[in-house]
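What the coordinates show
Chain residues, written in single-letter form:
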Amino acid sequence: MSNKKNKQNGNQTYGIIGLGRFGLSLALELNKEGAELLVLDHDENKVQLVREFCENAFVVRNLEKSTLLETGIQNCDVAIVAIGEQIDTSLLTTLNLVEIGIPVVIAKATSSEHGRILERLGADVVYPERDMAIKLAHRLESKNVLDFVQLSKKLNISKILLPECMLNKSVIEINLRAKFGLNIIAIENNGDIIDNITPDYVFKLNDVLYLAGNKEALNKFNAWCQK
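Now for a quick tour of the structure. (Residues numbered from 1 in each chain as written. Predicted model: local features only at pLDDT ≥ 70, side-chain atom pairs only at ≥ 80, totals over all residues. Heavy atoms only, no water.)

1. Structural notes on the overall build of the protein chain
Formally: Numbering of helices and strands starts at the N terminus; helices are DSSP runs of H or I of at least 4 residues and strands are runs of E of at least 2. Each residue is placed in one exposure class: buried if its accessible area under a 1.4 Å probe, protein chains only, is under 20% of its type's maximum, exposed if it is over 50%, and partly exposed if it falls in between. Note on contacts: a residue pair is in contact if any heavy atoms of the two residues lie within 4.5 Å. Throughout, the Shrake-Rupley method with a 1.4 Å probe supplies accessible areas, and for residues the shown protein chains are the sole cover considered.
Per the secondary structure count, the protein chain includes 10 helices and 11 strands. Per-residue burial over the protein chain gives 41% buried out of 227 residues. Across the protein chain, every contact between residues at least 6 apart in sequence was considered, and the portion connecting residues at least 24 apart equals 54%. Accessible surface, the protein chain as shown: approximately 13,000 Å² in total, 50% of it carbon and sulfur.

The structure is reproduced here in structure tokens:
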């Protein structure tokens with residue numbers, strides 16, 4: 001994989017280590033977006049599967065620093081350690097990727113303790129199982145919730161189908177900021193997205209709202225919608 005090529009075409013390159021459910025799903029989604037990928041795993045069958053859409057897929061027997069350098073992963077802009085269950089391998093691989101100078105290293109964690117160690121090693125940490133559970137819980141809590149992303153303990157983004165009680169009313173009339181401390185960051189309708197929301201905007205049928213706020217505010221809003 002050529003880093004020079006990457007800088008010329010402006011696309012980021014991603015290295016994925018581990019082809020479990022998380023790693024394979026990530027590779028498939030990034031491929032759909034046209035991203036340049038480099039993928040590593042010790043399982044030849046899994047690597048063969050990925051080679052159907054990724055030419056830079058390699059079988060590696062260990063994840064020592066010298067082996068990683070041989071694959072060319074140091075030329076990636078982002079490296080994702082999709083190993084969770086083998087915590088010692090996850091930590092050592094993360095450390096090696098940070099030390100060889102990859103700009104962004106993202107690592108999957110299976111527990112808060114695992115995540116704290118990964119953060120100390122210099123990685124950005126993701127919790128796929130926990131995040132999916134949070135998304136599902138919010139979708140179950142409200143029939144209007146289409147998606148949910150927890151950016152931090154204090155900031156969440158919820159994608160919500162417009163509640164019937166807001167139909168044909170204006171942004172200032174509903175005033176979600178005053179009532180719940182929520183901000184409307186975008187409105188989508190039939191594929192069109194409005195990201196500059198004015199106070200006089202009138203909510204229409206099939207509007208989808210992207211709301212930002214803390215969990216408590218979103219829960220209060222969801223409860224209000226269901227009254």
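Once you've had a look at it, read on.
2. Looking at the sheet that holds strand E3 (residues 57-59)
The test is simple: Here, a strand pair is defined by DSSP locating no fewer than two bridges between the strands. In this analysis an axis means a line fitted to C-alpha atoms, helices contributing only their contacting stretch, and an angle means the value between N-to-C directions, from 0 to 180 degrees.
Here we have 6 strands laid out as an open sheet, ordered E3-E2-E1-E4-E5-E6, and parallel in their pairing. Each edge of the open sheet carries a strand with a single partner, namely E3 and strand E6 (124-126). This sheet shows a mean twist of 20 degrees between the axes of neighbouring strands, independent of strand direction. Where strand E5 (residues 104-108) lies against E6, 3 bridges are found, and the strand directions are parallel. In the strand pairing of E6, Ala107 is matched with Val125. Packed on one face of the sheet, helix H2 (residues 21-32) meets strand E1 (13-17), strand E2 (36-41), strand E4 (78-81), E5 and E6 and runs near 160 degrees to E1.

3. Here's the deal with the environment of Ala212
With respect to the element layout, Ala212 can be found in strand E11 (residues 208-213). The buried category is assigned to Ala212, whose relative accessible area is 12%. Between the C-alpha atom of Ala212 and that of Gly181, which follows or precedes it by 31 residues, the distance is 8.8 Å.

4. A short note on helix H6 (residues 112-121)
Test applied: Of all possible arcs, the one meant is that of the directions from the helix axis to the C-beta atoms.
Of all the residues in H6, the buried ones are His114, Gly115 and Leu118. The arc that holds every buried residue of H6, seen down its axis, measures 95 degrees, which confines them to one face. Close packing links the buried residues of H6 with helix H5 (87-99), E5 and E6. Following H6 by one or two positions, Gly122 has its phi on the positive side, about 105 degrees.

5. Overview of the nonpolar core
Our working rule: For the purposes of this section, nonpolar cores are sets of buried Ala, Val, Leu, Ile, Met, Phe, Trp, Tyr and Cys residues that join through side-chain atoms within 4.5 Å.
Membership of the largest hydrophobic core comes to 22 residues, with the highest contact counts inside it found for Ile17, Leu40, Leu68, Ile73, Leu97 and Ile102. Taken together, the elements giving at least two residues each to this core come down to E2, E4, H5 and E5. What Leu68 contacts, discounting residues up to four positions off in sequence, is Ile17, Leu40, Leu63, Ile73, Gln74, Asn96 and Leu97. One finds Met166, Ile174, Leu176 and Phe203 within the second-largest nonpolar core, a separate group that totals 19 residues.

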